[in-house]
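Here's the letter readout for the chains.
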Amino acid sequence: AMLERQEVLTYYPVDMAKDYIEEISRELERDYSALTVKPFGGLYMDGFRHVAGRTESKLLLFLGSTFGNVPIDGQLPMMNEIRACLSAKDRFVLGLDMNTDPQ
């Protein structure tokens, strides 16, 4: 649906598994000719910093249990850094897994 609404759409997937994310990116570009995919192999915040200065509007997705992998004392500073880099035209979606094993 986004490809139908946007003239240009660039997707910057971020994942530690660089080879995997590059392979998936090629598949996405093959399946969606109007989509440009620029994979970033590394940590989420490094990927975020990589695109933070871009001027076009951004939709940032942080989904699943990944946020739980951030140490508790690093979560607020991380959210503050993300917020400081967002403009009024940007959007941020945070999905949290609330059914985790406390062990």
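Residues numbered from 1 in each chain as written. Predicted model: local features only at pLDDT ≥ 70, side-chain atom pairs only at ≥ 80, totals over all residues. Heavy atoms only, no water.

### Details of the pairing of strand S6 (residues 91-94)
Operational definition: Paired strands are those between which DSSP finds at least two bridges. Going along the chain from the N terminus, every DSSP run of H or I of four or more residues is numbered as a helix, and every run of E of two or more is numbered as a strand. When the strands point away from the viewer, a crossover counts as right-handed if the path from the first strand over the helix to the second runs clockwise.
Where strand S5 (residues 59-62) lies against S6, four bridges are found, and the strand directions are parallel. Among the inter-strand pairings, leucine 59 is bridged to a residue of S6, identified as arginine 91. Chirality of the crossover, the property in question, places the unit of S5, helix H4 (residues 72-85) and S6 among those that are right-handed.

### Focus: the nonpolar core
In plain terms, the rule: In plain words, nonpolar cores are sets of buried Ala, Val, Leu, Ile, Met, Phe, Trp, Tyr and Cys residues tied together by side-chain atoms within 4.5 Å. Each residue gets one of three labels from its accessible area relative to the maximum for its type: buried under 20%, exposed over 50%, partly exposed in between, using a 1.4 Å probe on protein chains only. Between two residues, a contact is recorded if the distance between any of their heavy atoms is within 4.5 Å.
In this structure, Tyr44, Met45, Phe48, Ala52, Leu60, Phe62, Phe67, Val70, Met78, Met79, Ile82 and Leu86 together form the largest nonpolar core, which totals 12 residues. Mapped onto this core, the elements with two or more residues apiece are helix H3 (44-52), S5 and H4. Sort the elements by how many residues they give to this core and H3 lands first, with four residues. If near-sequence neighbours (up to four positions away) are discounted, tyrosine 44 is found in contact with Val14, Leu60, Leu61, Phe62, Met78, Ile82 and Phe92.

### Description of H4
Think of an α-helix as turning once every 3.6 residues; residues three or four places apart then point the same way. The following threshold applies: Each C-beta atom gives one direction from the helix axis, and the arc is the one those directions make.
Among the residues of H4, those classed as buried are Gln75, Met78, Met79 and Ile82. In an axial view of H4, the angular spread of the buried residues amounts to 100 degrees, which keeps them on one side of the axis. Among the exposed residues of H4, those pointing more than 90 degrees away from its buried face are Asp73, Leu76 and Ala84. On its buried side, H4 packs onto H3, S5 and S6.

### Structural notes on the pattern of salt bridges
Pairs may arise between side chains of opposite charge once their charged atoms sit close together. Our working rule: The rule for a salt bridge is simple: a side-chain nitrogen of Lys or Arg has to be within 4 Å of a carboxyl oxygen of Asp or Glu.
Following the criterion strictly, the structure yields five salt bridges and no others. The partner of arginine 49 in a salt bridge is aspartate 46, and the shortest N-O contact between them spans 3.0 Å. Of this pair, arginine 49 and aspartate 46 are both found in helix H3, three residues apart, which corresponds to roughly one turn of the helix. On the basis of relative accessibility, which here comes to 35%, the residue aspartate 46 falls in the partly exposed class. Measuring nitrogen to oxygen at the nearest pair gives 2.8 Å for the salt bridge that ties glutamate 56 to arginine 54. Overall, the relative accessible area of 37% leaves arginine 54 in the partly exposed class. When salt bridges with common partners are traced through the structure, they connect Asp46, Arg49 and Glu81 into a single cluster.

Taken by themselves, the reported measurements are silent on function.
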